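# Breakdown of the fold
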Amino acid sequence: MMIKQIFNRLPRKQSKSSDNREGGGTSASSSNAYTSSRNNANSGGPASSGVSSTPNLGLNQGNKVSQVVNTKLNGDVFASSFETLPSFKDISNSEKQNLFIRKLNLCRVVFDFSDPTKNLEEKDIKRQTLLELVDYVSSANGKFSEIVMQEFVKMVSLNLFRPLTSPPRENKVLEAFDVEDEEPSVDPAWSHLQVVYELFLRFVVSPETDAKLAKRYIDHTFILKLLDLFDSEDPRERDSLKTLLHRIYGKFMVHRPFIRKAINNIFYRFIFETGKHNGIAELLEILGSIINGFALPLKEEHKLFLVRVLIPLHKPKCIPAYHQQLSYCITQFVEKDCKLADTVIRGLLKYWPVTNCSKEVMFLGELEEVLEATQSVEFQRCMVPLFRQIGRCLSSSHFQVAERALFLWNNHHIETLIKQNRNVIFPIIFPSLERNARSHWNPAVQSLTLNVQKIFSDNDPELFEECLHMFQEEEARENEAKSKREATWKRLEEIAAMKVASNQPVLISLKGTTRK
């Protein structure tokens with residue numbers, strides 16, 4: 001129950017289903033799809049789009065259908081004799097392991113799904129065999145032998161590890177909102193891939209799978225190939241990968257440092273080289289749960305991950321696609337070690353957007369979550385540069401930016417931090433508040449500004465009057481400087497008008513002009 005509660009805190013895309021903390025529980029979408037697949041298979045109806053089921057195939061013992069099938073396995077065309085194999089319930093326990101291996105070998109055949117009318121019967125035989133394997137692994141009551149593990153991993157590798165086909169994206173403008181609005185690309189082979197993922201998940205979480213033995217086959221090379229699949233454009237595959245990788249991380253403790261390092265390398269390439277990757281949100285969702293389980297005090301390795309990976313992830317243009325998951329990871333670090341708040345806030349200021357207002361609104365939302373977990377000592381270290389930036393946001397002509405900055409005062413903890421340090425903060429932001437109250441075009445921003453000013457005025461009337469006096473003096477100096485500039489330009493225009501008929505250059509004395 002505790003694990004489910006923790007994992008339910010993780011932010012998700014709306015299209016994603018929830019997992020438990022270890023990321024290995026069957027997600028709602030996976031379970032529903034699997035249940036639907038079972039019902040379709042049992043009813044003899046179409047298993048999924050692009051694959052037609054043939055009724056009365058006769059999967060019982062002794063009823064064999066021999067077919068010569070031209071399929072591709074590792075890129076080689078070969079002729080394979082396809083036959084339906086006996087059901088597990090129709091044979092003795094001593095023969096089940098051999099039958100399991102035979103069924104695994106049958107499922108190693110990879111079909112071409114680019115033509116939905118090709119090899120319909122053979123595709124359906126394979127899919128129903130995969131469903132049988134799922135049931136067998138789920139109900140297994142004896143340890144899987146090494147030969148079974150070896151054959152199992154071979155079958156999974158042949159089905160999953162393939163070149164990811166996607167339309168060319170070189171000429172696309174990688175703006176996150178444009179990408180999210182596009183229809184996701186789906187893999188035509190998903191009717192088989194879905195069941196392979198489900199089967200592999202059941203195998204990993206099964207108590208009959210010995211981690212010490214299985215790690216020989218689910219090794220570093222296998223994990224790297226699995227991570228490569230996170231760039232799939234099919235969101236269903238990324239969701240299955242997320243659940244599967246998290247379960248592998250939970251079961252194979254020996255692989256944990258390698259998995260974290262491999263994910264870091266994906267982030268490095270994404271941030272500093274390509275700027276393109278489909279699975280950043282899912283990888284961050286996994287890391288959010290992993291960070292939640294970090295022991296205290298935090299290791300130096302984990303702090304470096306925060307500084308070198310998570311904070312720079314604010315730089316790419318497509319951050320809206322994964323910002324919710326990134327914000328959760330960042331906040332987890334601050335909640336675990338409040339001394340990291342200064343590092344995080346200064347990192348946000350380093351990558352603060354200049355011309356992207358929608359991105360600026362996201363940064364303000366994340367900043368509020370970080371400040372919520374920030375203590376007074378760390379707040380005082382960074383409050384001057386922080387509120388200089390907030391002051392610029394308050395005076396933004398984009399009403400959503402100004403409004404979101406003013407909403408910070410609705411948070412009781414942040415308001416308390418500001419009140420405790422009002423002597424430093426209020427003089428920094430007072431000019432922005434005063435200009436908003438006088439002349440901001442949006443009435444909602446004006447109203448919120450007056451509320452914030454009232455909070456300051458009620459809390460410290462003397463400081464408010466002092467800041468108002470300072471603002472008026474500065475305003476008078478600016479008006480005087482503006483008048484001098486206007487007078488200088490007027491003098492220049494007059495002298496130029498006097499010399500307009502001559503070809504002589506106009507020489508202007510510096511006397512009376514203001515030098516900057």
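Residues numbered from 1 in each chain as written. Predicted model: local features only at pLDDT ≥ 70, side-chain atom pairs only at ≥ 80, totals over all residues. Heavy atoms only, no water.

The name given to the protein chain in an unreviewed UniProt entry is Serine/threonine protein phosphatase 2A regulatory subunit, with the source organism recorded as Gossypium stocksii. Recorded under Function (unreviewed entry), the UniProt text for the protein chain is reproduced unchanged: "The B regulatory subunit might modulate substrate selectivity and catalytic activity, and also might direct the localization of the catalytic enzyme to a particular subcellular compartment." Quoted verbatim from the Subcellular location (unreviewed entry) heading of the UniProt record, the comment on the protein chain is "Cytoplasm". (UniProt positions renumbered as here; feature names shortened; annotations may be inferred.)

### Here's the deal with the overall build of the protein chain
Along its length, the protein chain carries 22 helices and two strands. For the protein chain, buried positions account for 49% of its 516 residues. Summed over its atoms, the accessible surface of the protein chain is roughly 26000 Å², and 51% of this surface lies on carbon and sulfur atoms. (Helix = DSSP H or I, 4+ residues; strand = E, 2+ residues; numbered from the N terminus. Buried < 20%, exposed > 50% of the residue type's maximum accessible area, 1.4 Å probe, protein only. Areas by Shrake-Rupley, 256 points an atom, 1.4 Å probe, with all protein chains shown as cover.)

### Details of empty space enclosed by the protein
Within this structure, the stated rule accounts for two cavities of 30 Å³ or more. Approximately 50 Å³ is the volume attributed to the largest cavity. For the largest cavity, the full set of lining residues is Trp 409, Glu 415, Ile 418, Lys 419, Arg 422, Ile 455, Phe 456 and Asn 459. Broken down by secondary-structure element, the contributors of at least two residues to the lining of the largest cavity are helix H19 (412-420) and helix H21 (443-459). Looking at side-chain class alone, the lining of the largest cavity contains four nonpolar, one polar and three charged residues. (1 Å grid on protein atoms, 1.4 Å probe; cavity = no way out; pocket = protein on both sides within 12 Å on 5 of 7 lines; lining within 4 Å. Points joined across faces, edges and corners; volume = space filled by probe spheres on them. Nonpolar A, V, L, I, M, F, W, Y, C, P; charged D, E, K, R; others polar.)

### With respect to helix H14 (residues 323-336)
For H14, with 14 residues, the first-to-last C-alpha span of 20 Å sits near the 20 Å given by 1.5 Å per residue. Here H14 lies mainly inside the structure; eleven of its 14 residues are buried. (Expected span 1.5 Å × (residues − 1).)

### Focus: the packing of helix H15 (residues 341-350) against helix H17 (residues 376-394)
Remark: H15 packs on H17, axes separated minimally by 9 Å, with the N-to-C direction vectors making an angle of 15 degrees. Here H17 runs roughly parallel to H15, going by the angle between their axes. By crossing handedness, the relation of H15 to H17 is classed as left-handed. In contact with Ala 341, Asp 342, Ile 345, Arg 346 and Leu 349 of H15, H17 contributes Glu 378, Arg 381, Cys 382, Pro 385, Leu 386 and Gln 389. Classifying every residue of the contact of H15 with H17 by side-chain character gives six nonpolar, one polar and four charged. (Axes fitted to C-alpha atoms, helices over the stretch in contact; angles between N-to-C directions. Parallel < 35°, antiparallel > 145°, perpendicular 65-115°, else oblique. Left-handed = near helix turned anticlockwise from the far one by under 90°. Contact = heavy atoms within 4.5 Å.)

### Focus: the pattern of salt bridges
Inspection of the entire model under this criterion finds 22 salt bridges. Taking the shortest distance from any N to any O, the salt bridge between Glu 132 and Lys 103 comes out at 3.4 Å. Here Glu 132 is found in helix H4 (residues 120-138), whereas its partner Lys 103 is found in helix H3 (residues 93-106), with 29 residues between them in sequence. As far as burial versus exposure is concerned, Glu 132 and Lys 103 are alike and both buried. Here Arg 404 ties to Glu 368 by a salt bridge, and the two come within 2.6 Å at their closest N and O atoms. Of this pair, Arg 404 sits in helix H18 (residues 399-406) while Glu 368 sits in helix H16 (residues 357-372), and the two are 36 residues apart along the sequence. The class for Arg 404 is buried, based on a relative accessible area of 19%. On the basis of relative accessible area, Glu 368 is assigned to the buried category, the value being 17%. Through salt bridges that share partners, Arg 108, Glu 151 and Lys 154 make up one connected network. (Salt bridge = Lys/Arg side-chain N within 4 Å of Asp/Glu carboxyl O.)

### Focus: the packing of aromatic side chains
Counted under the stated rule, the structure contains 23 aromatic pairs. Centre to centre, the rings of Phe 379 and Phe 387 are 6.0 Å apart; their planes meet at 80 degrees, and the pair counts as edge-to-face. Phe 387 shares its class with Phe 379; the two are buried. With a centroid separation of 6.0 Å and an interplanar angle of 80 degrees, the aromatic rings of Phe 399 and Trp 441 are classed as edge-to-face. Pair noted here: Phe 399 is in helix H18 and Trp 441 is in the loop between helix H20 (422-439) and H21, with a separation of 42 residues, a long-range link. (Phe/Tyr/Trp six-rings, centres within 6.5 Å; stacked < 30°, edge-to-face > 60°.)

### With respect to the nonpolar core
In this structure, Phe 267, Leu 310, Leu 313, Tyr 322 and Phe 387 are the most contacted members of the largest nonpolar core, which totals 132 residues. Among the elements that take part in this core, helix H7 (residues 190-205) stands out by supplying ten residues, more than any other. Look past the residues within four positions of Phe 267 in its chain and what remains in contact with it is Ile 280, Leu 283, Leu 284, Leu 287, Phe 305, Val 309 and Leu 313. (Core = buried A, V, L, I, M, F, W, Y, C linked by side-chain atoms within 4.5 Å.)

### Considerations on the side chain of Glu 366
With respect to the helices and strands, the residue Glu 366 is situated in helix H16. Buried and without a salt bridge, Glu 366 has Lys 359 as its closest oppositely charged side chain, separated by 9.9 Å. Here His 323 takes part through its side chain, which lies 2.8 Å from a polar atom of the side chain of Glu 366. Setting aside residues up to four positions removed in sequence, Glu 366 forms contacts with His 314, His 323, Ser 327, Ile 330 and Leu 348. (Lys, Arg positive; Asp, Glu negative; His and termini not counted. Polar contact = N/O pair within 3.5 Å; in protein donor to acceptor, adjacent residues only side chain to side chain.)

### A few points about the side chain of Glu 237
Tracing the sequence through the fold places Glu 237 in helix H10 (residues 235-251). Residue classification places Glu 237 among the buried residues on the basis of a relative accessible area of 0%. A polar contact of 2.6 Å, which involves the side chain of Glu 237, links it to the side chain of Tyr 197.

### As for the confidence of the model for the protein chain
Any segment with low pLDDT has predicted coordinates that should not be analysed in fine detail. When pLDDT is averaged across the protein chain, the result is 82; 77% of the residues are at 70 or more. In this model residues 14-80 is a low-confidence stretch, pLDDT under 50, and it forms 154 contacts with partners more than four residues away in sequence or in other chains. The low-confidence segment residues 168-179, where pLDDT is below 50, has 18 contacts with residues more than four positions distant or belonging to other chains. (pLDDT = per-residue confidence, 0-100.)

### Notes on the environment of Arg 238
Residue position: Arg 238 is located in helix H10. Among the residues examined, Arg 238 registers a relative accessible area of 8% and is labelled buried. Of the polar contacts made by the side chain of Arg 238, one reaches the backbone oxygen of Asn 278; its length is 3.2 Å.

### With respect to H15
Judged by how many residues are buried, H15 sits mostly within the fold: seven of ten residues are covered. Residues of H15 that are buried sit in contact with helix H13 (300-310), H14, H16 and H17.

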